[in-house]
Amino acid sequence: MKATCIKIKDIDNVAVAVNEIKAGTVVMNGITALNDIPQAHKIALCDIAKNEPVIRYGVVLGYAVDNIKKGQWINEKMLVLPTPPSVDDMEFGTNIVKELPEPPVITWEGYRNPNGGYAGTRNILGISTTVQCVTGVLNVAVEKIKKELLPKYPNVDGVVAINHAYGCGVAINAPEAKVPIRILRNLSKHPNFGGQMMVVGLGCEKFTVDMLCDKEDITPENVIILQEKKGFAEMIDSIMEMAEKKLAVLNERKRETLPLSDLLIGMQCGGSDAFSGVTANPSAGYAADMLVKGGATVMFSEVTEVRDGVHIIGERCVNSEVGNKLAAEMRWYDKYLEEGEVDRSANPTPGNKKGGLANIVEKAMGSIAKSGTSPIVEVLSPGEKPTKHGLIYAATPASDIVCGPCQLASGIGLQVFMTGRGTPYGLAVAPVIKVCSRNDMKNQWFDLIDINAGPIATGEATIKDIGTLLFNEIIDVASGRKQSFAEKYKLHNDFCIFNPAPIT
């Protein structure tokens, strides 16, 4: 018989419904459902008294607002959020896993990075901007480039304008302005851009070209200032002329067999549900462990979605230096939220709750699963570039459309994106592989979801099965042998640059 609900740990006093459970249905251990329980929502496995803990993943999700009867449906309104774990007394390095699953391959086909560091998965002309004011002109030019120039350079995959809302009307010298500036600087040298710097500025913005570029890159061959051009036509012609020279260089790039140590992968989740931490995220974690074992670097993020499990993350930090950086990033974000008069409980969306996630604790426990079990060798601030190989925690906002550009700035060549509720999210600079948590999601979005982890919930596959399938998909897509659906359909979200500094 197929399971009607899933219990994670022996000490859990709730389980999650695999499919909708009708009132009166007998489920595990002879428990009778007292209510209709929606798919992915929780059923009480025993009587839980008022103020007693509700436990899933072996952790306290919250405390019962009122008495809960065995077999009762538990939803987000029935729990009081617990106090978040302290970051001041964490233990580091007490859970270092050395035995990781062997990867099927340890090489891939990528574009060597002329700047050194991680290799490219795609060959793209990237055009950076200093300010939103140039977006209209640049977008016209990009369409013209795609239509008139790109067909002449078949080895180039595309043209991407790094349009953003930063650059002027901002407190450019504020301490936290370092965050968006770092992100935009690092984005301009993404491995997929093949070492070709191309910048379009206006001329009067606060975010000046010298803030975006290294001194040696500020040349007429790399930078166009629109206020120096005589009319619209000259602006477009200048961009076209520079773009063609860059395209000619990029067209000479060739893929070559590279070690996995030249590959940087990002892990992210969005539109999560209560199955995300049971199927999709653990599968991604298994693939992450394989990648790390093979020498690759894997990055996971989203501060509010690890905050309630930060002590678990701390135990996997290889030393106190890494652990202290983790604690510092958590403190910074706690303060950032506090100044906005919110806390981490503002994270779960209505869709998350509809998908059975009662609160941010439950969401965080599932989110952490995508990191696998590998030791954490480095912690990064938003948009920083890695200096180590292995599993890395990059402290970014949890928002999908903000986390993505942060990870791109850190240099990921491909992102794996887990979802329970579904989202057509994508990135223009790097391919995104979608992994769903439920069979229903794959059936509904059959041409948007690349990998279905739903069979794990129904007992038709294991985490190892789907994790290995995902590993192979990562290698094929990174190597250019396959396209993900998001890449095929050109589903690209805007570049939402994280800016915690004031806007004037």
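Worth saying up front: this structure is predicted, and the values here are computed from it rather than measured.

Draft legend 1. The overall build of the protein chain, seen in detail. When its secondary structure is counted, the protein chain shows 14 helices and 20 strands. Relative to the 2.2 N^0.38 estimate, which gives 23 Å for 504 residues, the radius of gyration of the protein chain is 24 Å and therefore close to what a compact globule would have. On the principal axes, the C-alpha backbone points of the protein chain span a range of 80 × 45 × 40 Å. In the protein chain, which comprises 504 residues, the share counted as buried stands at 59%. In the structure as shown, the protein chain presents an accessible area of about 20100 Å², 52% of it carried by carbon and sulfur atoms. Seen as two clouds, the 52 positive and the 58 negative side-chain charges of the protein chain have centres 3 Å apart.

Draft legend 2. The arrangement of a nonpolar patch on the surface in detail. Together, Tyr 63, Val 65 and Val 80 give the surface a local cluster of nonpolar side chains, amounting to about 220 Å² of exposed area. In this structure Tyr 63 comes out as partly exposed when scored by relative accessible area, which is 33%.

Draft legend 3. Looking closely at the sheet that holds strand β4 (residues 53–56). Pairing is antiparallel in the open sheet, where three strands are placed in the order β4-β5-β7. Both edges of this open sheet fall to β4 and β7 (79–80), since each of them pairs with a single strand only. Of the pairings in the sheet, the one linking β4 to strand β5 (residues 59–64) comprises four bridges and is antiparallel in character. Residue pairing across strands places Arg 56 opposite Val 59, the latter belonging to β5.

Draft legend 4. Quick peek at the environment of Met 211. By the secondary structure assignment, Met 211 is in helix α3 (residues 209–212). When its relative accessible area of 23% is taken as the criterion, Met 211 is described as partly exposed. Measuring from C-alpha to C-alpha, the distance between Met 211 and Leu 250 comes to 25 Å, with 39 residues separating the pair along the chain. Setting aside residues no more than four positions away along its own chain, Met 211 makes contact with Ile 172, Ile 181, Arg 185 and Lys 206.

Draft legend 5. Main features of the packing of aromatic side chains. According to the stated counting rule, one finds nine aromatic pairs in the structure shown. Measuring from ring centre to ring centre gives 6.1 Å for Phe 485 and Tyr 489, while their planes differ by 10 degrees; the resulting arrangement is stacked. Using a relative accessible area of 35% as the deciding quantity, one classes Tyr 489 as partly exposed.

Draft legend 6. Structural view of helix α5 (residues 280–293). Compared with the 20 Å implied by 1.5 Å per residue over 14 residues, the 20 Å span of α5 between its first and last C-alpha is a close match. Counting buried positions over the 14 residues of α5 gives 13, a clear majority of the element.

Draft legend 7. Structural view of the sheet that holds strand β15 (residues 297–300). Spatially, the seven strands line up as an open sheet ordered β16-β17-β15-β14-β18-β19-β20, and their pairing is parallel. Two strands lie at the open edges of the sheet, namely β16 (376–380) and β20 (451–452), each paired on one side alone. Note that strand β14 (residues 264–269) and strand β18 (residues 414–419) share five bridges and pair parallel. Within the sheet, the bridge partner assigned to Gln 268 lies in β18 and is Phe 417. Across the sheet, α5 touches β14, β15, β17 (391–394), β18 and β19 (432–436), and the angle it forms with β14 is around 165 degrees.

Draft legend 8. Molecular detail of helix α4 (residues 232–250). Taking 1.5 Å of rise per residue, the 19 residues of α4 would be expected to cover 27 Å, and the 27 Å separating its terminal C-alpha atoms lies within 8% of that figure. Of the positions making up α4, those classed as buried are Met 235, Ile 236, Ser 238, Ile 239, Met 240, Met 242, Ala 243, Lys 246, Leu 247 and Leu 250. Contacts made by the buried residues of α4 are with β9 (124–129), α1 (135–149), β11 (199–201) and β12 (223–225).

Draft legend 9. Region of the structure containing the pattern of salt bridges. Applying the stated criterion across every chain yields a total of 21 salt bridges. Between Asp 273 and Arg 438 there is a salt bridge; the shortest N-O distance is 3.1 Å. Placement of the pair is Asp 273 in the loop between β14 and α5 and Arg 438 in the loop between β19 and α11 (439–444), with a sequence separation of 165 residues. For the residue pair Asp 273 and Arg 438, the accessibility class agrees, reading buried in each case. We note a salt bridge from Lys 482 to Glu 473, for which the minimum N-O separation is 2.7 Å. Overall, Lys 482 belongs to the partly exposed group, its relative accessible area being 36%. Salt bridges linked by common partners bring Arg 185, Lys 189, Asp 214 and Asp 217 together as one network.

Draft legend 10. Region of the structure containing the packing of α5 against helix α13 (residues 463–478). Running from amino to carboxyl end, α5 crosses α13 at an angle of 60 degrees, the nearest separation of the two axes being 8 Å. If you check the angle between α5 and α13, you find them oblique. Here α5 and α13 pass one another in a crossing that is right-handed. Touching Pro 282, Ser 283, Ala 284, Tyr 286, Ala 287, Met 290 and Leu 291 of α5 are Ile 463, Lys 464, Ile 466, Gly 467, Thr 468, Leu 470, Phe 471, Ile 474 and Ile 475, all from α13. Among the residues forming the contact of α5 with α13, the class breakdown is twelve nonpolar, three polar and one charged.

Draft legend 11. Just the layout of surface pockets, in detail. Taken as a whole, the largest pocket encloses approximately 740 Å³ of empty space. Lining the largest pocket are 35 residues; nearest its centre among them are Lys 146, Val 159, Val 160, Ala 428 and His 492. Mapped onto the lining of the largest pocket, the elements with two or more residues apiece are α1, β10 (158–162) and α14 (485–488). Ranked by the residues each element gives to the lining of the largest pocket, the list is headed by α1, at five residues. Class assignment of the residues belonging to the lining of the largest pocket gives a composition of 16 nonpolar, eleven polar and eight charged. Its boundaries defined by the atoms lining it, the second largest pocket holds a volume of some 530 Å³. Together, 17 residues line the second largest pocket, and Lys 9, Tyr 57, Gly 277, Met 365 and Ala 369 are the ones closest to its centre. Here the lining of the second largest pocket is built from residues that sort into eleven nonpolar, four polar and two charged.

Draft legend 12. Seen up close, the pairing of β14. Counted residue by residue, β14 has six buried out of six residues, so it is predominantly covered. The side-chain alternation of β14 yields two buried faces, one formed by Leu 264, Gly 266 and Gln 268 and the other by Ile 265, Met 267 and Cys 269. Pairing of β14 with β15, which is carried by four bridges, proceeds in the parallel orientation. Residue pairing for β15: Ile 265 is matched across the bridge by Val 298. At this point the chain moves from β14, through α5, to the parallel β15, and the crossover so formed is right-handed.

How each quantity is defined
- Residues numbered from 1 in each chain as written.
- Predicted model: local features only at pLDDT ≥ 70, side-chain atom pairs only at ≥ 80, totals over all residues.
- Heavy atoms only, no water.
- Helix = DSSP H or I, 4+ residues; strand = E, 2+ residues; numbered from the N terminus.
- Rg over C-alpha atoms; globule rule 2.2 N^0.38 Å.
- Buried < 20%, exposed > 50% of the residue type's maximum accessible area, 1.4 Å probe, protein only.
- Areas by Shrake-Rupley, 256 points an atom, 1.4 Å probe, with all protein chains shown as cover.
- Lys, Arg positive; Asp, Glu negative; His and termini not counted.
- Charge placed at Lys NZ, Arg CZ, Asp CG, Glu CD.
- Patch = residues over 30% accessible without salt bridge, like charges linked within 9 Å, V, L, I, M, F, W, Y side chains within 5 Å.
- Salt bridge = Lys/Arg side-chain N within 4 Å of Asp/Glu carboxyl O.
- Pairing = 2+ DSSP bridges.
- Contact = heavy atoms within 4.5 Å.
- Phe/Tyr/Trp six-rings, centres within 6.5 Å; stacked < 30°, edge-to-face > 60°.
- Expected span 1.5 Å × (residues − 1).
- Axes fitted to C-alpha atoms, helices over the stretch in contact; angles between N-to-C directions.
- Parallel < 35°, antiparallel > 145°, perpendicular 65-115°, else oblique.
- Left-handed = near helix turned anticlockwise from the far one by under 90°.
- Nonpolar A, V, L, I, M, F, W, Y, C, P; charged D, E, K, R; others polar.
- 1 Å grid on protein atoms, 1.4 Å probe; cavity = no way out; pocket = protein on both sides within 12 Å on 5 of 7 lines; lining within 4 Å.
- Points joined across faces, edges and corners; volume = space filled by probe spheres on them.
- Right-handed = clockwise from strand over helix to strand, strands pointing away.

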